[in-house]
Amino acid sequence: MARSRPAILLALAVATTALLALAPAPVAASKYNITKILAPYKEFSKFNAMLSETRLANDINRRQTITVLAVDNAGMAALDHHSKQTRRHILSLHILVDYYGEKKLKKGGNTATSTLFMATGVASETAGYVNITRKGGKISFKTEDADDGAKPAQLVKSIKEYPYDISVLQVSSIISSAEAEAPVPPPAPVDLVELLSKKYCKSFADLLSANAEAFRAVNETKDNALTLFCPIDAAVAAFAPKYKNLTAKAKTAILLYHAIPDYYSLQLLQSNNGVTTTLATTSEKKKDYSYDVENKGKTVTLQTKVITSTITNTVADSEPLSVYAVSKFLQPKELFKVVEAPAPAPEPSKKKAKAADGGEDDSSDDSGDETADKGDAAPAVIAQWLTAAATLLAAAFALMG
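Where an unreviewed UniProt entry is consulted, the protein appears under the name FAS1 domain-containing protein, with the organism given as Eleusine coracana subsp. coracana. Per UniProt, the protein carries the Subcellular location (unreviewed entry) text "Cell membrane".

Okay, here's the thing in structure tokens:
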């Protein structure tokens, strides 16, 4: 029995999710920066500025494989009457979560691809998909839920391509849909001190509210995009003697060190590793004030080179603000002594190992064990990918039935 297109897309989405769920998380952010890529092209200055304003530039830069459909300054006028959050939804339809270079588009057939709008959680069913159609030598882009009379955007030219990583293409007009254009109410006002005081972090709230400069910077950032790591009360108590000995400037810096001027959901933190800058980075131009965000399974740690702190609870997570309770007060290397990792113990020689074990000296066994230790991860990942690929193929065959 033939199936409807929405059913097919949903089935493929489920199968693709199974495949992507097993893919290794990116170790760090992409090596390409969309803001810098577009900077030389003044005809896309409005598009570039709006990517930064809506924080989509950060989302793009974190991706490993992405296609950006840019619109020139004249075409961007169509977004002038929309709110910032609605602009974010509309522009997220211009970010395809797969690589489509100009050659690939011209050689390939018609397809539907997911966009960042799908990742917002706002898009329903297939509203986050864009149809790519090739007809009469022209490539067009149109949302899956667009009205029949809606005019598709046409591919104009390739702007910049780094094969299989990022492709930036010009399209003739804004790609949109009724769902993406739906008005978005502004975020409800949040009393940060009250929020922290109610859940796990009253002592940190007291420190923050007592420091006018730090409180102002955090409070002004929270309505745009903010991720705040608040040490639990026990952690603040343990750190209190060190905090009292800091200068006023250092106290401000260390409080700002707990704030990232971007929104990170817990899901994103659990699936990405890498270095992140903080509000202290922007306040202290000559100092780094960054740390590593690492994950292992569902556990997320913040590694400053002085201490390692773990996310213990979610205090709040509603874009554009997320707040997480952490086990230790974050201590930057700019203010405290770096704790050097212990050097690995030297491995015993084969002769000593032989004497200790009382067995034969079999160097082939030793090298085989070493190879297994180094290579176990790769076969495991391959096996997972093969299983997921089989799931995807099964879904595809089912759709043909």
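S.K.: So what's going on with the packing of helix α3 (residues 45-53) against helix α5 (residues 84-92)? Which residues, and what values?
M.R.: The contact between α3 and α5 brings their axes to 10 Å, and the two run at 115°. Considered as vectors, α3 and α5 are oriented roughly perpendicular to each other. Crossing handedness for the pair α3 and α5: left-handed. Each of Phe 47, Met 50 and Glu 53 in α3 lies in contact with α5, whose residues at this interface are Lys 84, Arg 87 and Leu 91. Taken together, the residues of the contact of α3 with α5 break down into three nonpolar, no polar and three charged.

S.K.: I'd like to hear about the pattern of salt bridges, residue by residue, with values.
M.R.: With the rule as written, the count across this model stands at 12 salt bridges. Two residues, Arg 88 and Glu 319, come together in a salt bridge whose shortest N-O distance is 3.2 Å. Taken together, the positions of Arg 88 in helix α5 and Glu 319 in the loop between β13 (308-318) and β14 (321-326) put the pair 231 residues apart, joining distant regions of the chain. The exposure class assigned to Glu 319 is partly exposed, which follows from its relative accessible area of 31%. A salt bridge links Glu 194 to Lys 198, with the shortest nitrogen-to-oxygen separation between them at 3.2 Å. You can see Glu 194 and its partner Lys 198 sitting in helix α9 (residues 192-198), four residues apart, about one turn around the helix. Taken together, the shared-partner salt bridges in this structure form one network comprising Arg 55, Asp 59, Arg 62, Arg 88, Asp 262 and Glu 319.

S.K.: Describe in detail the environment of Ala 178, supporting the description with residues and values.
M.R.: Mapped onto the elements of the fold, Ala 178 is located in helix α8 (residues 178-181). Of the residues examined, Ala 178 reaches a relative accessible area of 61% and is grouped as exposed. It is 9.8 Å that separates the C-alpha atoms of Ala 178 and Thr 143, two residues lying 35 residues apart in sequence.

Reading guide: rules and limits
- Residues numbered from 1 in each chain as written.
- Predicted model: local features only at pLDDT ≥ 70, side-chain atom pairs only at ≥ 80, totals over all residues.
- Heavy atoms only, no water.
- UniProt positions renumbered as here; feature names shortened; annotations may be inferred.
- Axes fitted to C-alpha atoms, helices over the stretch in contact; angles between N-to-C directions.
- Helix = DSSP H or I, 4+ residues; strand = E, 2+ residues; numbered from the N terminus.
- Parallel < 35°, antiparallel > 145°, perpendicular 65-115°, else oblique.
- Left-handed = near helix turned anticlockwise from the far one by under 90°.
- Contact = heavy atoms within 4.5 Å.
- Nonpolar A, V, L, I, M, F, W, Y, C, P; charged D, E, K, R; others polar.
- Salt bridge = Lys/Arg side-chain N within 4 Å of Asp/Glu carboxyl O.
- Buried < 20%, exposed > 50% of the residue type's maximum accessible area, 1.4 Å probe, protein only.

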